[in-house]
Amino acid sequence: MTTEPESGSTKSALSPVPTEFVASAVEAPVSAPSPIREFLSQRGSGRLADRSFAAVMLLCSLSIFLIVLFIFFILISRSKLSLLAFGWKFFTRQAWDPVSGDFGALPFIYGTLATSFLALLIAVPLALGVAVFLTELCPRSLRAPISFLTELLAAIPSVVYGLWAVFVLVPIMRDSLGPFLYKTLGWTGFFEGSNFGVGLLTASIILAIMILPVISSLTRDIMTSVPNSQREGVLALGATRWEMIRTGVLRNSRIGIVGAVMLGLGRALGETMAVTMVIGNHADISKSLFAPGYTLASVIANEFSEATGDLYLSALIEIGLALFLVTIVVNAIARLMVWAVTRGAPARAA
Amino acid sequence: MGVGIQVENLNAWYGTTHTLQDINLHIPANHATALIGPSGCGKSTFVRCLNRMHETNPIARATGVIKMGELDIYKDASPVEIRRRVGMVFQRPNPFPTMSIYDNVASGLKLNGFRNRRILDETVERSLKQAALWEEVKDDLKKKSGASLSGGQQQRMCIARALAVDPEVLLMDEPASALDPVSTSKIEDLIFQLKSQYTIVIVTHNMQQAARVAENTGFFLNGKMVEFDSTHKIFTNPKDKRTEDYITGRFG
Amino acid sequence: MSTLPLSPNPLRTPAKPSVINTLRRQAMNHVITGLSILSTVVVIAPLVAILVYLIYKGASSLNLAFFTHIPAPVGEQGGGMANSIVGSGIILFLASLMGIPIGISAGVYLAEFGRGSFLGNAIRFTADVLNGVPSIVMGISIYSLIVMQQKHFSALAGGIALAIMMVPTITRTTEEMLATVPHAIREAALGLGVPKWRTVLSVSLRTASPGIITGCMLAFARVAGETAPLLFTAFGNQFWSFKLNEPIAALPLQIYVYAISPYDEWHRLAWAGSLVLIVMIMVAVTLVRIFANRGVLKGAS
């Protein structure tokens, strides 16, 4: 009985799918093939649809490659004039003279590096403090609203930060914080010259405010990925909470935290609008943090649309190219560091 | 109505692990066939080869011939076509969480483009009745999410979902292993009733379950099929020493 | 066994910890706790300051004309940013139209096809790096490609620049959200003979949709406030414009122009514009929160 139906179908069915259904229906004369079976057997294999779907998805994801490549090539081709005219010296020369066509990017590099590192100097300790507070100390009920607030901080557009900086931060710098710094730290030479409120320091402060949420939320993610057993292990040895945080949490996540800081650096290097609005836009290298400066991004924002002459435009695009390459390198290193820590991390504790 | 399955020289690999070695067997139509064996013996891989789910894993591959009736499933049809004819019930209930009970049961038809309202309604009702779930859910078919049912109900819904496409073969990969004893016995009753209409292959680690529901039983060990015979014979008078050791519990 | 030879070790802690040491450790603990609370306050303070000042300045400058009029010429009172709001809407619509489908598709590839493959990892990494490319660079690239070719600024160029900025964010959230969809659910659909494309669309994406919507709205909120990429693409416009191949006004651009101008009347409008922009973004972010929370509940049930 068990093998019977098989032999019955052998004769009629020399294969393709529909025939087989007929054959199996014949074995059971009770019912004709149900409408459902009939419908499903007529549906195609879906191979073509599947292949084209996969191809379209692949194409879209390859477009990410293409975008990066295209940015790279278009920037190189449009800055050829300046690349040929100045070569590597472009990055070590101080001149910026559109009238005589003499260009060098050093003042902008200086301004970018100075403001970014100063911003990190201000933001990193604060961001770490916030992250430690949120993951280790904060009462549960406060955690959600505070992280919501820091996320909001990240959602405020750059130009609004700039607006606020122009009308609130600049007067504060000019009238109270600036004179105070001059009085207390003037001897270092970093706070000299006339203080108009705009300049490197103001730009750094607004940058610090802007990159804080980035660093603190990433650091928080990294610290929560440290397994609780690490914390308990240290606490069980009789450590205080701070010792637990230091040896159990911070030590385990330091590579990730460095990565988060690098990501913050990447943001600071490329930040444009807010910096342009308060840095003073003056291509000079000055030790004093009160002095107006210029960054790579802000010189593009300010002069690009009024750049007359091909060499001028080409020099500005070369600055863009430099900014692109530097931020790519910084971001790549940062991502690798963050990945190294969060990948393979056990299921999120806390 | 079910069809028989003929398996010849089936070999399967996961990466470099040879998980199935030269399996030969005939699964009769409209009967329940149980596959038993210790974990990792290849019985799950075997049923996953029967509806070509095995190859959804990129590192997996299989060779050999599997015939459903006269249809060579690795040669004559695409995986999608095979799976429409072979229903599968998984170890853990896996309802679609975003769909109502109705949509869950009808999903095999709806997602394949079936639009006839009347037949859909009939099919959902018939399948749920076959799965002995109709009375429990008929009042909120479209109101409740499939994920809101209890574990046993979810599994019966998954059986109904598999039955709704009117398959010829029903594969069950340890369908009761995640369920409580009451739900388990309901599922076993179901299998008992369904096997008159479908060819059922059930993987189980529970020997009593195999003895209760299946006419034939195969014993797998280390990727090989050690013995295949009527359930009665396997459990009372096995030919192979290893089978005897396993069913008498003398086996790690 | 090994403890015996160790016991005379000088590093061994004394039976009674010294009081001074304990006090020092306790004090350190409190100092750090205090510092971290202090830094949280210091971080929250500017946000509150910015928001309060913005609401105070912006609300007092808002009026109906702001939403219905175009900018008044220099020296005249009144005027509004109606054209900028509409312009922003047009640019963002264009950007979403291009960026969201590409971003989601790329995320689908990473999660459903390219998992673990070299290509998948390379694309994921490139997306993360693209995410960090400064927006001003995006602006000059699109300028070089489109504006230089067409010889005029255009809404379309602005939309493309913003679309490119949306893609990496959407791709990564889509991928992460799809990764949370249990594999068993995909198997259920495949086991029913549903083709893979249909499984991805109707099962994986549908199950992950709350999270993906969240990602899209976050990307939207992020580019909604972008100014730098629009400076040399959309360029801005003092008048109404609905044509895609002409310069068009945008809210962030207009805020920038007004903020750096020397006129008080324009400063007033800049504050009002900022408030409108922030409220729009906040509404988006809050909606995201609601969606995200609902998504979590759904997944848990």
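Residues numbered from 1 in each chain as written. Chains lettered and ligands numbered in written order. Predicted model: local features only at pLDDT ≥ 70, side-chain atom pairs only at ≥ 80, totals over all residues. Heavy atoms only, no water.

Draft legend 1. Spotlight on the overall build of chain A. When you go through chain A residue by residue, the secondary structure sums to 15 helices and two strands. The buried share of chain A, taken over its 350 residues, is 53%. Element-wise, carbon and sulfur atoms account for 67% of the exposed surface of chain A, whose accessible area totals about 15400 Å². (Helix = DSSP H or I, 4+ residues; strand = E, 2+ residues; numbered from the N terminus. Buried < 20%, exposed > 50% of the residue type's maximum accessible area, 1.4 Å probe, protein only. Areas by Shrake-Rupley, 256 points an atom, 1.4 Å probe, with all protein chains shown as cover.)

Draft legend 2. Structural detail: a nonpolar patch on the surface. A contiguous nonpolar surface patch, about 350 Å² in accessible area, is contributed by Val31(C), Leu35(C), Leu38(C) and Val42(C). Looking at where Val31(C) falls in the secondary structure, it is placed in helix α2 (residues 19-61). (Patch = residues over 30% accessible without salt bridge, like charges linked within 9 Å, V, L, I, M, F, W, Y side chains within 5 Å. Salt bridge = Lys/Arg side-chain N within 4 Å of Asp/Glu carboxyl O.)

Draft legend 3. Region of interest: helix α14 (residues 296-303) of chain A. Judged by how many residues are buried, α14(A) sits mostly within the fold: eight of eight residues are covered. Leu296(A), Ala297(A), Ser298(A), Val299(A), Ile300(A), Ala301(A), Asn302(A) and Glu303(A) are the residues of α14(A) that are buried.

Draft legend 4. Highlighting the interface of chain A and chain C. Opposite the 73 residues of chain A that make contact, chain C presents 82 residues. Across the chain A/chain C interface, buried area totals approximately 7000 Å², and carbon plus sulfur atoms make up 81% of it. For the interface between chain A and chain C, the tally reads one salt bridge. Between Glu243(A) and Arg25(C) there is a salt bridge; the shortest N-O distance is 2.7 Å. The interface formed by chain A and chain C contains seven residue pairs in polar contact (both at pLDDT 80 or more). (Contact = heavy atoms within 4.5 Å. Buried area = accessible area lost by both parts, 1.4 Å probe. Polar contact = N/O pair within 3.5 Å; in protein donor to acceptor, adjacent residues only side chain to side chain.)

Draft legend 5. Summary view of the sheet that holds strand β3 (residues 32-36) of chain B. Residues and elements named next belong to chain B. The six strands are arranged β6-β7-β8-β3-β9-β10 in an open sheet whose pairing can be described as mixed. Strands with a single pairing partner mark the edges of an open sheet, and in this sheet they are β6 (86-89) and β10 (224-230). Put simply, the sheet's adjacent strands are angled 15° from each other on average, direction ignored. Strand direction decides the pairing type here: strand β7 (residues 169-173) and strand β8 (residues 199-203), joined by five bridges, are parallel. By the bridge assignment for β8, Leu 171 is matched with Val 201. In the packing of helix α1 (residues 43-50) onto the sheet, contacts are made with β3, β6, β7, β8 and β9 (216-221), and the angle to β8 comes to roughly 150°. (Pairing = 2+ DSSP bridges. Axes fitted to C-alpha atoms, helices over the stretch in contact; angles between N-to-C directions.)

Draft legend 6. Quick look at the pairing of strand β1 (residues 5-14) of chain B. Both β1(B) and strand β2 (residues 17-27) of chain B contribute to a ladder of seven bridges, which runs antiparallel. Looking across to β2(B), one finds that Trp13(B) is bridged to His18(B).

Draft legend 7. Seen up close, the sheet that holds β1(B). Residues and elements named next belong to chain B. Pairing in this open sheet of four strands is antiparallel, and the strands run β2-β1-β4-β5 from one edge to the other. The open sheet is flanked by β2 and β5 (71-72), the only strands paired with a single partner. Here α1 sits on the sheet in contact with β1, β2 and β4 (60-68), set at roughly 120° to β1.

Draft legend 8. Spatial organisation of the packing of helix α6 (residues 106-137) of chain A against helix α11 (residues 241-250) of chain A. Residues and elements named next belong to chain A. The interhelical angle for the contact between α6 and α11, taken along N-to-C directions, is 105°, at an axis separation of 12 Å. By the criterion of interaxial angle, the relationship of α6 to α11 is roughly perpendicular. In this structure, α6 contributes Val 132, Glu 136 and Leu 137 to the contact, and α11 contributes Arg 241, Met 244, Ile 245 and Val 249. Across the contact of α6 with α11, the residue classes break down as five nonpolar, no polar and two charged. (Parallel < 35°, antiparallel > 145°, perpendicular 65-115°, else oblique. Nonpolar A, V, L, I, M, F, W, Y, C, P; charged D, E, K, R; others polar.)

Draft legend 9. Highlighting the pairing of β3(B). All names here are of chain B. For β3, the buried fraction is high: five of the five residues fall into the buried class. Alternating residues of β3 divide into Ala 32, Ala 34 and Ile 36 and Thr 33 and Leu 35, and every residue in both groups is buried. Here β3 runs beside β8; their pairing, made up of four bridges, is parallel. Each bridged residue has a counterpart across the sheet, and for Leu 35 the counterpart in β8 is Val 203. Relative to β9, β3 is paired through four bridges, and the arrangement is parallel. Paired with Leu 35 across the strands is Gly 218, a residue of β9.

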